[in-house]
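A structural walkthrough
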Amino acid sequence: MGILEKISEIEKEIARTQKNKATEYHLGLLKAKLAKYRAQLLEPSKTASGKGEGFDVMKSGDARVALIGFPSVGKSTFLSLMTSTASEAASYEFTTLTCIPGVIEYKGANIQLLDLPGIIEGASQGKGRGRQVIAVARTADVVIMMLDATKGDVQRSVLLEKELESVGIRLNKPKPNIYFKPKKGGGISFNSTLPLTQCSEKLVQLILHEYKIFNAEILFREDSSADEFIDVIVGNRVHMPCLYVYNKIDQISLEEVDRLAREPHSVVISCEMKLNLDYLMEMLWEYLALICIYTKKRGERPDFSGAIIMRRAASVEHVCHRIHRTLASHFKYALVWGTSTKYSPQRVGLTHVMEHEDVIQIVKK
Ligand SMILES: Nc1nc2c(ncn2[C@@H]2O[C@H](COP(=O)(O)OP(=O)(O)OP(=O)(O)O)[C@@H](O)[C@H]2O)c(=O)[nH]1
Ligand SMILES: [K+]
Ligand SMILES: [Mg+2]
């Protein structure tokens, strides 16, 4: 039996197994098996000629955003609208056949936006160009899942989310807070800091057994599920923020727009009428978790023309490294003006955490 058949067998068995206390272990085991086969699917195939297969687009700029969606939802129209790159748009499906990069300039940051072919159900198993598209999605900092507002797409977004889930991409989900350390000997040591309602020591043992792990230390720090535990063992999961963008709202009623806008993580837009694009950029900025830092030399005004773009929670040390490789080793202290400090300016050390629009002056030894 091929992997795809095995996967489909297990999926069928999961679907026909009733979920209750008695089947809990059986289901847990099935899920562990499923995750194992899915992982094999992700491995590069040995038979394929290899070259020219993937969409190799160089990473550039401060962050990368991938446009994922069914065909003809308006991904290429969006890229052409937001960047100086033109990507062909048309009313037929699968107009775009490869990965087309553009750059959005926003708040001094260069955000790389990737237009991609439309994907359909079964993409993760190689339908269409699904696997290449998903491989690109894995490299993004944020995924924009673009949906067609005229197609009642709340349900359809679930389908695509499942495709991404099945290859280890977790959208808008925090990493499970589980400590897991394989050992050389000593058996399984299992602990939890709170009562578990979705998983148990026995289930954990079974799952570990399936992965041929017989010695390990495990600590559940939250009430995680068996699926989340499997994610931790498998390890190559990508946790990624995702914005659900409903396009073509020029075609639906105000009530419908209002309803879609209230869905979690969603933004409603119209590329054709250029509606709500500012708000989308604000949300994207939030989801990318980028901040602007301005530098200032002693006795001079801050340089507001060139912001340093960093990730949220970046420290003074991170800023130093960005300015020059050796700066941190000559660092004496820094003066910071802005929302991260109580006083303006305030003298801070390397570990101080910067905030958006802070100004920094670095004093060397
Ligand atoms: N009414 C309306 N039509 C739109 C809007 N945005 C895009 N379209 C139309 O939707 C059709 C598909 O647009 P594309 O940009 O080619 O869609 P795509 O998602 O890139 O499609 P594929 O590359 O085939 O997957 C085109 O006819 C666009 O003119 C919009 O905001 N409103
Ligand atoms: K199209
Ligand atoms: Mg397109």
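Naming follows an unreviewed UniProt entry, where the protein appears as Developmentally-regulated GTP-binding protein 2 of Callorhinchus milii. If you open the UniProt record of the protein and go to Subunit (unreviewed entry), you find "Interacts with RWDD1; this interaction confers protection to polyubiquitination and proteolytic degradation. Interacts with JMJD7; this interaction is direct."

Per the UniProt entry, the sites bearing "domain: TGS" (unreviewed entry) are residues 289–364 in this numbering. Structurally, residues 289–364 is divided into 11% helix and 36% strand, and its ends, taken at the C-alpha atoms, are 29 Å apart.

Here we take up the pairing of strand 8 (residues 216–220). Relative to strand 8, strand 6 (residues 178–182) is paired through five bridges, and the arrangement is antiparallel. Across the sheet, the residue bridging to F180 is I218, located in strand 8. Handedness of the strand 7 (residues 188–192)-helix 6 (residues 201–210)-strand 8 crossover: left-handed.

Attention shifts here to the sheet that holds strand 4 (residues 142–148). The sheet built from six strands is open, its strands ordered 2-3-1-4-10-11 with mixed pairing. Each edge of the sheet is formed by a strand with only one pairing partner; in this case those strands are strand 2 (100–106) and strand 11 (266–268). Neighbour-to-neighbour, the strand axes of the sheet open up by a mean angle of 25°, direction not taken into account. Sheet analysis places strand 1 (residues 63–69) next to strand 3 (residues 109–115), joined by four bridges and oriented parallel. Within the sheet, the bridge partner assigned to R64 lies in strand 3 and is Q112.

Moving on: the site of ligand 1. Taken together, 24 residues are adjacent to ligand 1, and G74, S76, A89, T96 and G118 come closest. When residues of the shell around ligand 1 are assigned to their parent elements, the largest contribution, three residues, is made by helix 3 (residues 75–82).

This part takes up the environment of W337. Mapped onto the elements of the fold, W337 is located in strand 14 (residues 331–337). Judged by C-beta crowding, with 18 C-beta atoms within 10 Å, W337 ranks as partly exposed. Taking the C-alpha atoms as reference points, W337 and R347, ten residues apart in sequence, are found 9.4 Å from one another. Apart from residues lying up to four places away in sequence, W337 is in contact with S344, P345, D358 and V359.

About the thresholds
Residues numbered from 1 in each chain as written. Chains lettered and ligands numbered in written order. Predicted model: local features only at pLDDT ≥ 70, side-chain atom pairs only at ≥ 80, totals over all residues. UniProt positions renumbered as here; feature names shortened; annotations may be inferred. Helix = DSSP H or I, 4+ residues; strand = E, 2+ residues; numbered from the N terminus. Pairing = 2+ DSSP bridges. Right-handed = clockwise from strand over helix to strand, strands pointing away. Axes fitted to C-alpha atoms, helices over the stretch in contact; angles between N-to-C directions. Near = placed C-beta within 6 Å. Buried ≥ 20, exposed ≤ 12 C-beta atoms within 10 Å, placed from the backbone. Contact = placed C-beta atoms within 7 Å.

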